Amino acid sequence: MNAQQKLPDSLKNIFRNSPDGPLRFKAARDIYTYYEELNRDSALYYAEEQVLIAQNNHHKLAEAFGLIQKGYQLTGLGRFADALQCLLKAFAIAEDKKNDKTEYWYLTTLEFTGNSRLVVLSYAHHIFAILMLRTENLEQQIIHFKEAGKIGREIGYPPRYMLADMNLGQSYLTANKPDTALIYEKLAEQTAFQSSYKKYIGNIDLLMGDIYQALGDQSMSLQYYYAGMQAATEQNNRSSLSRIYLRLTKYHLARGNKDSSLYYSLKNLQTIESLGPVVGLETNIGIGYENMYLSYQLNHQFDSAFKYQGLALVMKDSLNQARIKNLTKFQNLTYGEQTRLREAEKEKIAFQNKVRTYFLVAGIGVLLLLAIIFYRNNLQKHKAKIKIEQAYDNLKATQQQLIQSEKMASLGELTAGIAHEIQNPLNFVNNFSEVNDELLKELKAEAEKGNLDEVKAIAKDIEFNSEKINHHGKRADAIVKGMLQHSRSSNGVKEPTDINALCDEYLRLSYHGLRAKDKSFNATMKTDFDETIGNINIIPQDIGRVILNLINNAFYAVDEKKKLNTNGYEPTVSVSTKKNNGKSDSYRIEIKVSDNGNGIPQKALDKIFQPFFTTKPTGQGTGLGLSLSYDIVKAHSGELKVETEENKGSVFIILLPNQITS
């Protein structure tokens, strides 16, 4: 208590000697906080000083803060109309979002938050709710206490929602809902003990005592009253202390406890007198006199009883008249404010209707303009669409022609090789046919002689030759069919295909084709086929086209290097297949076409799969071969990769996924 008594003197020195600004405002505020529940008149003075300092510094939120504190003290003094005017001014400032960025110099560390305007707004709702409590408007006090608590929780400010919960407990007790009141009061008690804001623990204990009294638990009620008395004494909260003394006075009067009733009624009166001219429902001097009268009467001290009875009657009559006067003024102000608000609402509605009309007309005009713009745009889009479709059709036709040209170019390269391949079986057919002619003549001669053994031997030779003729005829037929299959468009149907045979056939056809065109061309061909692969499901003419293109490119690369390097260089092209059996492998079939040519320059490596890119001289390549090959492999859910090293050669790798194996 001694430290608390010295506190105002040190703060008053700062208040008196500091210029108008943050330091003086904070001193006024700290002094106000000291007197807030100790002396209403002193607290009111320092609240008014805060308002003046804030106005002189053009600090709107600080002004609103001071107005709220002034409104709280005016409420405690029973000047409800004046309190309402202060709070309405504070609301006007706190609800203006322009004040969101105002600095925090009027706040204590405890109240620091990201948005000081919301601190002030929650405070305004809280004090307005207390005004509604004092003027007995239960519905409005609950609404505003809840709003204060809601904002307090949103901004993470425990003192505000603790006080809101504390007062909601009192409001619901007034509404005869003690169970609900107990829930809110326990929330307030929990927050108070968890935070450093202990000032109102005495008041929380008081209300907990009232709630347990309403619930019929006299023992818990008394326990909280005594705990509240100790807490309120420690915090010097005389407003709560006077009300606790009043409860204890009534308790002992009801039980005929003479000494205790007189002790607590005297403490109650002394505390009320120290608060100043308070006209609260429970903290007014008339109530104090009345309890003194009842206590002296219980103690049979009738002279003192009659004295306080007279004082009580005079003071209660005076206070009631003042209260009625203040309530009437408050009601008139409230009615005037309600009338003003109704008129403002009418003006607002009329203005909104006018604005809506303007917006509607403007909106119709904008819609008409947009309709015209959209119509023109759609017309232009339609014309553009027709042009684009025509251009697309032309592009598609050109693309098909280029693809067909690429096919025929590769077929042209095969022509000499196919001729060479067909020539061999045709030679066999011709030779065996001529032999059979001679054997038939011999057969006829031996038959005329009746030499049956010789006839049988000759017949057997003819049969053997006929099988050879049939075999080589089928071989020539297969080569022709392969040529036709390569040249025709793909039907897109996968079929079981011997990939090793396909690779081997195109390797030989490509080689003999190049040999037919250039007799000086020569290269070593190597194969390494995995015989465990078997047939796989692919589109043979498409994958064959890819393999042929890669082999042709490989032969071209080694031939170009041979022309530049004739000393000890042996052109070599290798084709291999492999089946990967590991479970972790994404691809199961691997086809490699390797050469030991010059390799691919690094600057060209990123472009080789782009359409129309070629490293061959003009007229020798379309630039579509690798691009089409890449697309074909992708269509088989595979991958086409290249590994190269300049001056050492390249390896093109076709990877086909495991789901296409059969």
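Residues numbered from 1 in each chain as written. Predicted model: local features only at pLDDT ≥ 70, side-chain atom pairs only at ≥ 80, totals over all residues. Heavy atoms only, no water.

### Remarks on the overall build of the protein
(1) Moving on: Of regular secondary structure, the protein possesses 20 helices and seven strands.
(2) Moving on: For the protein, the proportion of its 662 residues judged to be buried stands at 44%.
(3) Moving on: Residue pairs in contact within the protein that sit at least 24 positions apart in sequence constitute 67% of those at least 6 positions apart.
(4) Moving on: Accessible surface for the protein amounts to roughly 35,400 Å². Of this, 53% is attributable to carbon and sulfur atoms. (Helix = DSSP H or I, 4+ residues; strand = E, 2+ residues; numbered from the N terminus. Buried < 20%, exposed > 50% of the residue type's maximum accessible area, 1.4 Å probe, protein only. Contact = heavy atoms within 4.5 Å. Areas by Shrake-Rupley, 256 points an atom, 1.4 Å probe, with all protein chains shown as cover.)

### Here we look at the pattern of salt bridges
Between side chains of opposite charge, a pair can form when the charged atoms approach closely.
(1) Moving on: Taken as a whole, this structure holds 15 salt bridges when the rule is applied.
(2) Moving on: Here Lys 70 ties to Glu 48 by a salt bridge, and the two come within 3.8 Å at their closest N and O atoms. You can see Lys 70 sitting in helix H4 (residues 60-76) and its partner Glu 48 sitting in helix H3 (residues 40-56), a full 22 residues away along the chain.
(3) Moving on: Measuring nitrogen to oxygen at the nearest pair gives 3.9 Å for the salt bridge that ties Glu 590 to Lys 592.
(4) Moving on: The exposure class assigned to Glu 590 is buried, which follows from its relative accessible area of 16%. (Salt bridge = Lys/Arg side-chain N within 4 Å of Asp/Glu carboxyl O.)

### Focus: the environment of Phe 25
(1) Moving on: Residue position: Phe 25 is located in helix H2 (residues 22-35).
(2) Moving on: Classification of Phe 25 by relative accessible area gives buried; the value is 0%.
(3) Moving on: Sequence separation of Phe 25 and Ala 47 is 22 residues, and the distance between their C-alpha atoms is 9.8 Å.

### A word on the packing of helix H7 (residues 138-154) against helix H8 (residues 158-174)
(1) Moving on: Between H7 and H8, the shortest axis-to-axis distance is 8 Å and the interhelical angle comes to 155°. Between H7 and H8, the angle falls in the class roughly antiparallel. The crossing of H7 and H8 is left-handed. On the side of H7, the interface is formed by Leu 138, Gln 141, Ile 142, Phe 145, Lys 146, Ala 148, Gly 149, Gly 152 and Arg 153, while H8 contributes Arg 160, Tyr 161, Ala 164, Asp 165, Asn 167, Leu 168, Ser 171, Tyr 172 and Thr 174. (Axes fitted to C-alpha atoms, helices over the stretch in contact; angles between N-to-C directions. Parallel < 35°, antiparallel > 145°, perpendicular 65-115°, else oblique. Left-handed = near helix turned anticlockwise from the far one by under 90°.)

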